[in-house]
Amino acid sequence: MDELPPLQKPLTLEIVGKSNTLCDLKRHLAPRTVGIILRSLPLEGNAHKLGSITYIETAVDSGMERARTAFKRGDVAFLPSSGGICFFAHDMSAKTMTPIGRLHDPGILNGIKPGDVLRLYAA
C-alpha cells in the first residue's frame with residue numbers, strides 16, 4: 001500500500017552564518033506548489049527586502065494556486081511571477097500570492113539584511 005505524503009513538511013530557514021528557524025510547508029494550502037518546492041530543495045538565494053516582506057528568488061516554476069492578498073506575521077508565500085518565496089514579518093496586505101506555510105519564529109526576519117544568503121532545506 002502506498003504511503004500518503006505528510007500534510008506538513010518541516011524545513012529549516014537558515015540565514016547563512018547568523019541563525020536559523022524551522023518553517024512548515026503545508027500541502028493543504030497549495031498542494032501542487034508545495035510539491036514542486038519540496039522537489040526543488042535545497043533552495044538558496046540572496047535576501048531581498050520589500051517593506052515587511054523578506055524574499056528569495058528561485059527557479060521554482062508554479063502558477064498561482066489558492067491565491068490571497070492578506071498575510072499574517074510568520075506566513076510564507078510563493079510569488080509565481082519571480083519564483084519568489086516570501087516571508088512576512090508583519091500582518092499585511094500584499095500582491096496576490098500563493099500561501100504555502102508558516103515560520104516557527106518570525107522574529108528571525110528582523111535580523112536579515114539585504115544580500116544575506118538564505119537557505120531553505122529539509123529539517
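Here's a quick rundown of the structure. Remember, predicted model here, so these are calculated numbers, not experimental data.

1. So, the environment of T98
Then comes step 1: By secondary structure assignment, the location of T98 is in strand β9 (residues 92-103).
Then comes step 2: When the C-alpha atoms of T98 and L29 are compared, they prove to be 8.1 Å apart, with 69 residues separating the residues in sequence.
Then comes step 3: Setting aside residues no more than four positions away along its own chain, T98 makes contact with A30, T33, G63, M64, E65, V76, A77, F78 and P80.
Then comes step 4: At a separation of 3.0 Å, a polar atom in the side chain of T98 contacts the main-chain amide nitrogen of E65.

2. Overview of the nonpolar core
Then comes step 1: Core analysis: the biggest nonpolar cluster contains 26 residues, and L25, I37, I85, F87, I100 and L118 have the highest contact counts within it.
Then comes step 2: Going through the elements one at a time, β1 (8-15), β2 (19-26), α1 (31-40), β7 (75-79), β8 (84-88), β9 and β10 (117-122) are the ones with two or more residues in this core.
Then comes step 3: At four residues, α1 tops the list of elements feeding residues into this core.
Then comes step 4: Beyond its immediate stretch of four places on either side in the chain, I100 contacts D24, L25, K26, L29, A30, T33, V34, I37, V76, A77, F78 and I85.
Then comes step 5: If you look at the next biggest cluster of nonpolar residues, it comprises nine residues, including Y55, A77, L79 and M97.

Reading guide: rules and limits
Residues numbered from 1 in each chain as written. Predicted model: local features only at pLDDT ≥ 70, side-chain atom pairs only at ≥ 80, totals over all residues. Heavy atoms only, no water. Helix = DSSP H or I, 4+ residues; strand = E, 2+ residues; numbered from the N terminus. Contact = heavy atoms within 4.5 Å. Polar contact = N/O pair within 3.5 Å; in protein donor to acceptor, adjacent residues only side chain to side chain. Core = buried A, V, L, I, M, F, W, Y, C linked by side-chain atoms within 4.5 Å. Buried < 20%, exposed > 50% of the residue type's maximum accessible area, 1.4 Å probe, protein only.

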